[in-house]
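Residues per chain, in single letters:
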Amino acid sequence: NFYLNSLKVKLSVYVLLDSLSFCQLFLECPLECCLQRNRLRSHPLPDQTIYLMARKIEMPDLKKNAWERNSLVLKSFDCTSEDNEQIISLLATALENPVKQNEENTEQKEADRATCAASTVHQADQTCRRIISQTMKDAKDKNVLPGEMKSLSEELNKLKAEFLEDLRQGNNLKNQICIQSQYFDPATSVISSFQHKATNVVNKYILK
């Protein structure tokens, strides 16, 4: 399930620490082709799941991520003998050039930062969910009308989505440090911002 770079980078950290070989093959496939193939399976997934994965999956970014340099992107609906040669070449290159920690200090730092960021977003997401749940309960106790409860829920979830996206982009992680496997938890230093904004949102409904 390595459809996000934040998930793949965790594996690259272990590769780096143990000086192993690492490469990845990304099979690019049009959405319609994915849907057709899924429907031919003995136990197909709902179409909505395929749509969701298509929106979320992230292709290798060789320019941005140094740890993805041994990557190959192929079109899965049009495989040729030349593709087979490229795959063999990719594997051979990776095996002949294992990642060496002492030569890839910059790559290690990049991988550590990405792992830290992924952990931070997960923690923030869990905390935001708890805040929203408690906020909705408080609103209900204050007799906010059902129609307004729905609007409140939508507004809070939109706020959470914006907050987490900002966090993913690293806008709230500046000056936060991760040292090797000991990670400081920056989520606790920025979650108060979400709490404050959530309070302002619910007050619009309670203090009418």
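With that settled, consider the overall build of the protein. From N to C terminus, the protein includes 7 helices and 4 strands. Seen in sequence order, the protein has helices and strands lined up from the N terminus as α-β-α-α-β-α-α-α-β-β-α. Scored against the burial criterion, the 208 residues of the protein give a buried share of 32%. Counting only contacts in the protein whose residues sit at least 6 apart along the sequence, the fraction spanning at least 24 positions is 73%.

In this model, Asn 143 sits at a positive phi of 65 degrees, which is unusual for a non-glycine residue. Turning to its location among the elements, Asn 143 is positioned in the loop between helix H5 (105-141) and helix H6 (146-168).

Side-chain pairs of opposite charge can arise whenever the charged atoms involved come near each other. On inspection of all chains with the given rule, the structure shows 6 salt bridges. The residue Lys 160 makes a salt bridge to Asp 125 at a minimum N-O spacing of 3.3 Å. Of the two residues, Lys 160 is situated in helix H6 and Asp 125 in helix H5; the sequence distance between them amounts to 35 residues. Per residue, the accessibility class of Lys 160 equals that of Asp 125, and both read buried.

The next point concerns helix H2 (residues 31-39). Of all the residues in H2, the buried ones are Cys 33, Leu 35 and Asn 38. Summarising the contacts, the buried residues of H2 are in contact with helix H3 (47-56).

This next bit is on the side chain of Asn 38. Residue placement: Asn 38 occurs in helix H2. Accessibility expressed as a relative area gives 3% for Asn 38, which makes it buried. If near-sequence neighbours (up to four positions away) are discounted, Asn 38 is found in contact with Pro 44, Leu 45, Asp 47 and Ile 50.

Time to look at the nonpolar core. Ranked by internal contacts, the top residues of the largest apolar core, which has 21 residues, are Leu 152, Leu 156, Phe 163, Ile 191 and Phe 194. Listed by contribution, the elements that provide at least two residues to this core are H5, H6 and helix H7 (187-206). Judged by nonpolar contacts, the second largest core, of 6 residues, contains Val 9, Phe 22, Trp 67 and Val 99.

With that out of the way, let us pick up the packing of aromatic side chains. Within the structure shown, the criterion is met by 1 aromatic pair. Between the aromatic rings of Phe 163 and Phe 194, the centroid separation amounts to 5.6 Å while the plane-to-plane angle is 50 degrees, which identifies the pairing as tilted. One end of the pair, Phe 163, is in helix H6; the other, Phe 194, is in helix H7, with 31 residues separating them in the sequence.

The geometry of H2 relative to H3 is characterised by a closest axis approach of 10 Å and an angle of 145 degrees between their N-to-C directions. In this structure, H2 crosses over H3, and the sense of that crossing is right-handed. Packed against H2, whose contacting residues are Leu 31, Cys 34, Leu 35, Asn 38 and Arg 39, the element H3 presents Asp 47, Ile 50, Tyr 51 and Ala 54 at the interface. In the contact of H2 with H3, the residues fall into 6 nonpolar, 1 polar and 2 charged.

A separate point is helix H4 (residues 81-96). Compared with the 22 Å implied by 1.5 Å per residue over 16 residues, the 23 Å span of H4 between its first and last C-alpha is a close match. Those residues of H4 lying buried are Asp 83, Leu 90 and Ala 94. Angularly, the buried residues of H4 cover 25 degrees about the axis, an arc narrow enough to put them on a single face. Turned more than 90 degrees from where H4 packs its buried face, Ser 81, Glu 82, Glu 85, Ile 88, Leu 95 and Glu 96 sit exposed.

Before going further, it helps to examine the confidence of the model for the protein. Model confidence for the protein is summarised by a mean pLDDT of 79, while 78% of its residues fall at 70 or above. H2 holds the highest mean pLDDT among the elements of the protein, 93, whereas strand S3 (residues 178-179) holds the lowest, 40. Every residue in residues 173-186 is under pLDDT 50, and counting partners more than four places away or in other chains gives 18 contacts.

Conventions used here
- Residues numbered from 1 in each chain as written.
- Predicted model: local features only at pLDDT ≥ 70, side-chain atom pairs only at ≥ 80, totals over all residues.
- Heavy atoms only, no water.
- Helix = DSSP H or I, 4+ residues; strand = E, 2+ residues; numbered from the N terminus.
- Buried < 20%, exposed > 50% of the residue type's maximum accessible area, 1.4 Å probe, protein only.
- Contact = heavy atoms within 4.5 Å.
- Salt bridge = Lys/Arg side-chain N within 4 Å of Asp/Glu carboxyl O.
- Core = buried A, V, L, I, M, F, W, Y, C linked by side-chain atoms within 4.5 Å.
- Phe/Tyr/Trp six-rings, centres within 6.5 Å; stacked < 30°, edge-to-face > 60°.
- Axes fitted to C-alpha atoms, helices over the stretch in contact; angles between N-to-C directions.
- Left-handed = near helix turned anticlockwise from the far one by under 90°.
- Nonpolar A, V, L, I, M, F, W, Y, C, P; charged D, E, K, R; others polar.
- Expected span 1.5 Å × (residues − 1).
- Arc of directions from axis to C-beta.
- pLDDT = per-residue confidence, 0-100.

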